Amino acid sequence: MFGIVRPCRHRLGEKLTAQWTAHLCGLCLALRGDHGQLARIVTNYDGLLISVLTEAQADPGGSTGRRTAGPCPLRGMRTASVAHGEGARLAAAVSLVLASAKVRDHVADGDGLLARRPVALAARRVAAGWDRAGARTGSDVGFDTAVLVDAVDRQTGIESLAGPGTPILTVTEPTETATAAAFAHTAVLAGRPRNTAPLAEAGRLFGRLAHLLDAVEDREADAASGAWNPLTATGTSLDEARRLADDAVHGIRLALREAEFTDGGLAHRLLVHELPNSVRRAFGAPSCAHGSHPYAPPGAPGAPGGPTPPEPPRRDRRGLLAGCAVWLGLACTCQLCCGTYEDPWTRERKEGCLHNCDCDCCECCECCNCCNCGGEDGCCSGCDCGCDC
């Protein structure tokens, strides 16, 4: 899993968490259904935004929808309603092509085991297969992945020529172009041609933001390893990168206001409310843990001096063999390390050992009050994510 939009279930709430999970599972299953089990490893949090945007614009009963998927270790071996249709397939095509580009980039940099020739050769073959697979699926939904491949090819040339004084936006342009095309095509799939322009703008700025935040997060590691980093290469300061990131977040918010959605709650939450959290996380801004609620009134459950919150109802324990089977599935899919999961035997909700929740402990309306982000141009102006602000 990778991506800049990594929402916390405490912020999303039960309804939006269920929708988000449905799109994540839908992307994973679309990859498996069209391209086999290996393709599932390119499932990523940002890619599912394509599926989310397509469904948000679609008319009920259209080509997008839900289906019931079979048991999966990541869901505690339970069935679930997952997204399927053209939106999930477009997300799969985009994820494959961009994952292929990422692999080739790591091969070119000689990162880790990829510095070894046999491993690099195998990685190139896998990447080439993903390119072809993404092109096939893209063609099936009317999307030409050549724009993504061209952006990747141009990225290499631009980086080789960039140096001190080169505008950082020159370096981010190929990523902006690729994500603009992908976002815009969701309007085509949903039959909303008027949304093409605003979603292309939102996608362009999302690509800029993703490139900037990736560069910020990798800056120290790249310096230690001697790898190329756009901020270091162009001499762009962290202050300038933060300014551009904040401008991109604001631009995405404005662009989404121009688009028409049938049910835009999840898209709004992810692209308007979650992106500022991504920026704060990348730049190391402190955030509180969800275990203690700084905005809980005195005497409320969970607040200092308040009553102890009631324990969740106990669930039936699994047997030894069933629990071992679930544990094996969780371990093989890394959910034990970096996800939210049920204990294989007790079914208690647990967080992976690498889970780093950046939850700000605010519900939507509380966030508007504590952050003073309401008003005509605030993040909750015209909010359709379920709050009354």
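Along each chain, numbering runs from 1 in the same order as the chain's sequence is written. Only residues with pLDDT of at least 70 are given local features in this predicted model, and only at 80 or more are side-chain atom pairs given and counted; all residues enter the totals for whole chains, interfaces and linings. The basis for every side-chain value is the complete set of heavy atoms in the structure, and neither hydrogens nor water enter the calculation.

1. Some words on the overall build of the protein chain
- What the protein chain contains, in helices and strands, is 13 helices and four strands.
- Here the protein chain holds 389 residues, and the buried ones make up 47% of them.
- In what follows, residue pairs with any heavy atoms lying within 4.5 Å of each other are defined as contacts. Contacts spanning at least 24 positions in sequence make up 66% of the contacts within the protein chain whose residues lie at least 6 apart.
- Accessible surface area values rest on a Shrake-Rupley calculation with a 1.4 Å probe, where residue burial reflects the displayed protein chains alone. For the protein chain, the accessible surface area stands at approximately 19,200 Å², while carbon and sulfur atoms represent 55% of it. The helix count covers DSSP runs of H or I at least four residues long, the strand count covers runs of E at least two residues long, and both are numbered beginning at the N terminus. For every residue, the accessible area (1.4 Å probe, protein chains only) is compared with the maximum for its type, and the residue is labelled buried under 20%, exposed over 50%, or partly exposed between those bounds.

2. Concerning the packing of helix H3 (residues 86-109) against helix H4 (residues 117-140)
- Note on geometry: axes are C-alpha line fits, over the in-contact stretch for helices, and angles between N-to-C directions span 0 to 180 degrees. It is the contact of H3 with H4, at a shortest axis distance of 8 Å, that shows an interaxial angle of 155 degrees. Viewed along their axes, H3 and H4 adopt a mutual orientation that is roughly antiparallel. Along this stretch, H3 crosses H4, giving a crossing that reads as left-handed. Within the contact between the two elements, H3 uses Arg89, Ala93, Leu96, Val97, Ala99, Ser100, Val103, Arg104 and Val107 and H4 uses Ala120, Ala123, Arg124, Ala127, Ala128, Trp130, Asp131, Ala133, Gly134, Thr137, Gly138 and Asp140. Working definition: roughly parallel below 35 degrees, roughly antiparallel above 145 degrees, roughly perpendicular at 65 to 115 degrees, and oblique for all remaining angles. The sense of a crossing depends on the near helix, which, turned anticlockwise from the far helix by less than a right angle, makes the crossing left-handed and, turned clockwise, makes it right-handed.

3. Describing the packing of H3 against helix H6 (residues 168-190)
- Axis separation between H3 and H6 bottoms out at 10 Å; the angle between their running directions is 160 degrees. By the criterion of interaxial angle, the relationship of H3 to H6 is roughly antiparallel. In the packing of H3 onto H6, the handedness of the crossing is right-handed. Here Glu86, Gly87, Leu90 and Val94 of H3 come into contact with H6, specifically with Ala182, His185, Thr186 and Leu189.
- Classification used: nonpolar for Ala, Val, Leu, Ile, Met, Phe, Trp, Tyr, Cys and Pro, charged for Asp, Glu, Lys and Arg, polar for all others including Gly. Of the residues in the contact of H3 with H6, the class split is four nonpolar, three polar and one charged.

4. Description of the side chain of His185
- With respect to the helices and strands, the residue His185 is situated in helix H6.
- Taking relative accessible area as the criterion, His185 reaches 9% and is therefore assigned buried.
- Dropping the residues within four chain positions of it, His185 is found in contact with Leu90, Val141, Gly142 and Phe143.

5. As for the confidence of the model for the protein chain
- On average, residues of the protein chain carry a pLDDT of 78, and 71% of them reach 70 or more.
- Helix H9 (residues 238-257) holds the highest mean pLDDT among the elements of the protein chain, 97, whereas helix H13 (residues 364-371) holds the lowest, 37.
- pLDDT measures how confident the predictor is about each residue, on a scale from 0 to 100. Note that pLDDT drops below 50 for residues 360-382; the model gives that stretch 53 contacts with residues more than four away or on any other chain.

6. Concerning helix H1 (residues 9-35)
- A helix is expected to span 1.5 Å multiplied by its residue count minus one. The terminal C-alpha atoms of H1, which comprises 27 residues, lie only 30 Å apart, well short of the 39 Å expected from a rise of 1.5 Å per residue.
- Considering bend angle alone, the principal kink of H1 is centred on Lys15 and spans about 90 degrees.
- Looking one or two residues beyond H1, the residue adopting positive phi is Gly36, at roughly 95 degrees. Given a residue, its bend is the angle between the two axes fitted to the seven residues that end at it and to the seven that start from it.

7. Things to note about the packing of aromatic side chains
- Aromatic pairing here means that ring centres of Phe, Tyr or Trp (its six-membered ring) are within 6.5 Å. Orientation follows from the plane angle: under 30 degrees is stacked, over 60 is edge-to-face, and everything else is tilted. According to the stated counting rule, one finds two aromatic pairs in the structure shown.
- Taking the centre distance of 5.4 Å and the plane angle of 45 degrees together, the rings of Trp20 and Tyr45 count as tilted. Here Trp20 is found in helix H1, whereas its partner Tyr45 is found in the loop between H1 and helix H2 (48-57), with 25 residues between them in sequence. By the burial criterion, Trp20 is buried, and Tyr45 matches it.
- Charge-over-ring contacts are defined here by two conditions on Lys NZ or Arg CZ: a distance within 6 Å of the ring centre and an angle within 35 degrees of the ring normal. The aromatic ring of Phe283 is capped on one face by Arg242, whose charged end is 5.3 Å from the ring centroid.

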